[in-house]
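# Report on the structure
These are the residues of each chain, in order.
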Amino acid sequence: MPRPPLDELIDDLYYLAGTPPYPMLMLPPMPSALLVLNLGAPFRIRTGAETSGYADGCVITTPTRAFEFGYPPGTRSVGVHFKPWGLAPFVGMPAAELRDRPVAVEQVWGRAAAATLRDRLAMASGPHEMLTLLEAELTRRLSETAGLALVRHTSGVIAAARGTVPIRDLSMAAGVSTTHLAQRFRELIGVTPKRLARTYRFAITVLSIDPAGPVDWTELATRAGYFDQAHFGHEFRTFTGLTPTRYIDVRRRFLREHPGHVLDGWPLPAD
C-alpha cells in the first residue's frame, strides 16, 4: 500500500514473478487502471482479434471489456493497480484515448524515461526496493489535474453505493450538469459515470461468488439490484463474453487445477 498522497490514487503496488498457471489469462473489467513495468521477456495482450507484445510494460485505463494477458514463462514485473481516477495525474493524455487500447509505457512516459526506470528496477536488490523505487517515481511524476477532486468524490459515492446510485443524483449533488460530469469522467477515467457504476456493480457481485459452492443466480441478481436474471446474464456476457454458468465452470477449473494459486479470484484461463 502506498503512502500519502499516493494512497488516494492507488490501491496497491505489486511485484509478480514466476511461472503463469495458463498460457493466456482472461481478465474481466474491473473498476481499476493498471500500469505494468516488465522486467522479463515480452508479454502479450489480446484484445478482440489483435494480439500485441509489450517489452517494456503497458498502461491500461479502466476497461469496458475483457482482455487476455499472456505471461511468458519465468515472468517478472512490478505494477500498479490504480483507483479508477488514479492514473490521470501520471499520464499526459485524455483517458478516453486509451480506453480498451493498452499502450506501451514508453508511449506515455517516453522511451528514455521508461528504459531508465526499468534499468533501476532490474538492478534493485529485491522486491521491496523495487516497490520503493516505483513509489518514489510515481511521487515525482504526480501532477495537478483539473477536475480530479470532482471525479474522485463522485467515483467514491458510486463505489460506496456498489454501483447502484442514479447518475442524475450524482450530478445534482455535485452541482454540475450530467454532461459536464460525463466529460470529466471520460477525460480522467476513460468511461462515463454510468459505465463506471455498471463496472463496480458487476465486479462487486462477481467477487462475492464462491465458486466452490452452489450459486443461486436469481437471488444473486436480485441482491445486486439487477432488473432480473436476464439482465444479469446480459451484463455477464458484455463484461466477460461468457454466460454466468460458463464463468463458474472456468473458475472451478482454475480451483481444481491450481488450488490456492495467488492469481485465483479474478483472472480466468483463456486457452
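Scroll up to find the structure.
Residues numbered from 1 in each chain as written. Predicted model: local features only at pLDDT ≥ 70, side-chain atom pairs only at ≥ 80, totals over all residues. Heavy atoms only, no water.

Before going further, it helps to spend a moment on the overall build of the protein. A tally of regular secondary structure across the protein gives 10 helices and 10 strands. At 19 Å, the protein has a C-alpha radius of gyration in line with the 18 Å of a compact globule built from 271 residues. In the protein, once contacts between residues fewer than 6 apart in sequence are set aside, the share between residues at least 24 apart is 75%. Element-wise, carbon and sulfur atoms account for 54% of the exposed surface of the protein, whose accessible area totals about 12600 Å². (Helix = DSSP H or I, 4+ residues; strand = E, 2+ residues; numbered from the N terminus. Rg over C-alpha atoms; globule rule 2.2 N^0.38 Å. Contact = heavy atoms within 4.5 Å. Areas by Shrake-Rupley, 256 points an atom, 1.4 Å probe, with all protein chains shown as cover.)

Here helix H7 (residues 193–207) contains 15 residues, and its C-alpha end-to-end distance of 21 Å stays within 8% of the 21 Å for a straight helix at 1.5 Å per residue. With respect to burial, H7 is a largely interior element, 11 of its 15 residues being buried. Those residues of H7 that fall on the buried side of the exposure criterion are Pro193, Arg195, Leu196, Ala197, Thr199, Tyr200, Arg201, Phe202, Ala203, Thr205 and Val206. The inward-facing, buried residues of H7 contact helix H4 (148–160), helix H5 (167–174), helix H6 (178–188), helix H8 (217–223), helix H9 (229–240) and helix H10 (244–257). (Expected span 1.5 Å × (residues − 1). Buried < 20%, exposed > 50% of the residue type's maximum accessible area, 1.4 Å probe, protein only.)

Let us now look at the nonpolar core. In summary, soluble globular proteins display a tendency toward joint burial of nonpolar side chains. Among the nonpolar cores identified, the biggest contains 44 residues, and Phe82 and Leu138 are the most heavily contacted of them. Each residue touching Leu138, except ones within four places of it in the same chain, is listed here: Leu6, Ile10, Leu13, Leu35, Val80, Phe82, Phe90 and Trp109. Leu220, Ala224, Tyr226 and Trp266 belong to the second largest nonpolar core, which has 19 residues in total. (Core = buried A, V, L, I, M, F, W, Y, C linked by side-chain atoms within 4.5 Å.)

Oppositely charged side chains can pair when the atoms bearing their charge come close. Scanning the entire structure with this criterion turns up 13 salt bridges. Between Glu137 and Arg141 there is a salt bridge whose closest N-O contact spans 2.8 Å. Taken as a pair, Glu137 and Arg141 lie in helix H3 (residues 127–141) at a separation of four residues, close to a single helical turn. For Arg184, the salt bridge identified is with Glu187, shortest N-O distance 3.1 Å. One end of the pair is Arg184 and the other is Glu187, both in helix H6 and three residues apart, which spans about a single turn. Salt bridges here are not isolated pairs; linked through shared partners, they connect Glu137, Arg140 and Arg141. (Salt bridge = Lys/Arg side-chain N within 4 Å of Asp/Glu carboxyl O.)

Attention now goes to the sheet that holds strand E6 (residues 57–60). With respect to topology, five strands assemble into an open sheet ordered E1-E8-E3-E6-E9, the strand pairing being antiparallel. Lying at the two open borders of the sheet, with one neighbouring strand each, are strand E1 (10–18) and strand E9 (103–104). This element, helix H2 (residues 111–122), spans strand E3 (33–38) and strand E8 (75–82) of the sheet and lies at about 70° to E3. Set on the sheet, H3 makes contact with E1, E3 and E8; between it and E1 the angle comes to about 140°. (Pairing = 2+ DSSP bridges. Axes fitted to C-alpha atoms, helices over the stretch in contact; angles between N-to-C directions.)

In the structure shown here, the tally under the stated rule is 14 aromatic pairs. A connected cluster of aromatic rings, assembled from ring pairs, spans Phe202, Trp217, Tyr226, Phe232, Phe236, Phe239, Tyr247 and Trp266. The positively charged end of Arg141 is found above the aromatic ring belonging to Trp109, 4.2 Å away from the centroid. Its guanidinium or amino end placed over the ring of Tyr226, Arg201 lies 4.3 Å from that ring's centre, counting from NZ or CZ. (Phe/Tyr/Trp six-rings, centres within 6.5 Å; stacked < 30°, edge-to-face > 60°. Lys NZ or Arg CZ within 6 Å of the ring centre and 35° of its normal.)

A word on empty space enclosed by the protein. Applying the stated criterion to the full structure yields two cavities of 30 Å³ or more. Empty space within the largest cavity amounts to approximately 60 Å³. Taken together, Thr47, Ile60, Pro63, Arg65, Ala66, Phe67, Asp100, Arg101 and Pro102 make up the lining of the largest cavity. Taken together, the residues of the lining of the largest cavity sort by class into five nonpolar, one polar and three charged. There is about 30 Å³ of room inside the second largest cavity. For the second largest cavity, the full set of lining residues is Ala33, Thr61, Thr62, Pro84, Leu87, Ala88, Val91, Ala95, Leu188 and Ile189. Broken down by class, the residue content of the lining of the second largest cavity amounts to eight nonpolar, two polar and no charged. (1 Å grid on protein atoms, 1.4 Å probe; cavity = no way out; pocket = protein on both sides within 12 Å on 5 of 7 lines; lining within 4 Å. Points joined across faces, edges and corners; volume = space filled by probe spheres on them. Nonpolar A, V, L, I, M, F, W, Y, C, P; charged D, E, K, R; others polar.)

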